[in-house]
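Below are the chains, spelled out letter by letter.
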Amino acid sequence: MSAHVLDRLSLYLDGELAAAARTEVEAHLQGCSACARHLEELAAVDAAARDLPVPAPPGYFDSLPARVRARLPASRRRPTPGWVWAAAAGLALAALTPMLLRQTASPVPEAARTEETARVAAPPPTIASAAPATAS
């Protein structure tokens, strides 16, 4: 006969044993009247406890959120002060402004500059110079 399984009877009753351990306890209970009697007593205590009315104390549910918050650990993360955000914005502005100015003031490509210079240097066409000269 195997050793008594008194230490596992509560787990057996609650359905918390693995399949192999459950099979072992069931086999032991068939051959051991002391353990089977102890299991019956545990089951009777469980049933009696479930049947007991347990009213909630007055105000229990009203104060529940505050009690839960009180038991939670304090947040380690502190809110970021406004000056930190202002400093970050200033740094971002200081870093991005030169890049943006460099893009808008980028030099004109050489080919475009030559065409632009030629148009500015040549005098505008006049009506007289635009009409074809005819010899009479």
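Higher on the page you've got the structure.
Fair warning: this is a prediction, and the values are worked out from it, not measured in the lab. (Residues numbered from 1 in each chain as written. Predicted model: local features only at pLDDT ≥ 70, side-chain atom pairs only at ≥ 80, totals over all residues. Heavy atoms only, no water.)

Undergrad: Explain the environment of L17 to me, using residue names and the numbers behind them.
TA: Counting through the fold element by element, L17 comes out in the loop between α1 (6–14) and α2 (19–31). With a relative accessible area of 17%, L17 lands in the buried category. The residues touching L17, leaving out its near neighbours within four places in the chain, are R8, L11, Y12, R22 and V25. (Helix = DSSP H or I, 4+ residues; strand = E, 2+ residues; numbered from the N terminus. Buried < 20%, exposed > 50% of the residue type's maximum accessible area, 1.4 Å probe, protein only. Contact = heavy atoms within 4.5 Å.)

Undergrad: Break down the packing of aromatic side chains for me, with residues and values.
TA: Counted by the stated rule, this structure contains 1 aromatic pair. Geometrically, the ring pair formed by Y60 and F61 is edge-to-face, given 5.0 Å between the ring centres and 90 degrees between the ring planes. The ring of Y60 carries the charged tip of R67 above its face, separated from the ring centre by 4.2 Å. (Phe/Tyr/Trp six-rings, centres within 6.5 Å; stacked < 30°, edge-to-face > 60°. Lys NZ or Arg CZ within 6 Å of the ring centre and 35° of its normal.)

Undergrad: Provide a residue-level description of the pattern of salt bridges, including the pertinent values.
TA: Opposite charge on two side chains lets them pair, provided their charged atoms get close. Tallied over the entire structure, the rule returns 3 salt bridges. Measuring nitrogen to oxygen at the nearest pair gives 2.9 Å for the salt bridge that ties E24 to R8. Separated by 16 residues along the polypeptide, E24 in helix α2 and R8 in helix α1 bring together distant segments of the chain. Taking the relative accessible area as the measure of exposure, R8 reaches 21% and is therefore partly exposed. Residue R50 pairs with D46 through a salt bridge whose shortest N-O separation is 3.7 Å. Of this pair, R50 and D46 both sit in helix α3 (residues 33–51), separated by 4 residues, roughly a single helical turn. (Salt bridge = Lys/Arg side-chain N within 4 Å of Asp/Glu carboxyl O.)

Undergrad: Explain the state of the cysteines to me, using residue names and the numbers behind them.
TA: On inspection of all chains with the given rule, the structure shows 0 disulfides. Looking at the unpaired C32, the closest cysteine sulfur is the one in C35, lying at 3.6 Å. Its relative accessible area of 4% is what places C32 among the buried residues. (Disulfide = S-S within 2.5 Å.)

Undergrad: Report on a nonpolar patch on the surface, specifying residues and quantitative values.
TA: Nonpolar side chains collect at one region of the surface, where Y60, F61, L64, V68 and L72 lie side by side and expose about 470 Å² of accessible area between them. You can call V68 partly exposed: its relative accessible area is 44%. (Patch = residues over 30% accessible without salt bridge, like charges linked within 9 Å, V, L, I, M, F, W, Y side chains within 5 Å. Areas by Shrake-Rupley, 256 points an atom, 1.4 Å probe, with all protein chains shown as cover.)

Undergrad: Tell me about the packing of α1 against α3, residues and numbers included.
TA: One can describe the packing of α1 onto α3 by two numbers: an axis separation of 10 Å at closest approach and a directional angle of 45 degrees. Considered as vectors, α1 and α3 are oriented oblique to each other. Between α1 and α3 lies a crossing of right-handed hand. The segment α1 lies against α3, with L6, L9, S10, Y12, L13 and D14 engaging C35, H38, L39, L42, A43 and D46. Residues belonging to the contact of α1 with α3 are distributed by class as follows: 8 nonpolar, 2 polar and 2 charged. (Axes fitted to C-alpha atoms, helices over the stretch in contact; angles between N-to-C directions. Parallel < 35°, antiparallel > 145°, perpendicular 65-115°, else oblique. Left-handed = near helix turned anticlockwise from the far one by under 90°. Nonpolar A, V, L, I, M, F, W, Y, C, P; charged D, E, K, R; others polar.)

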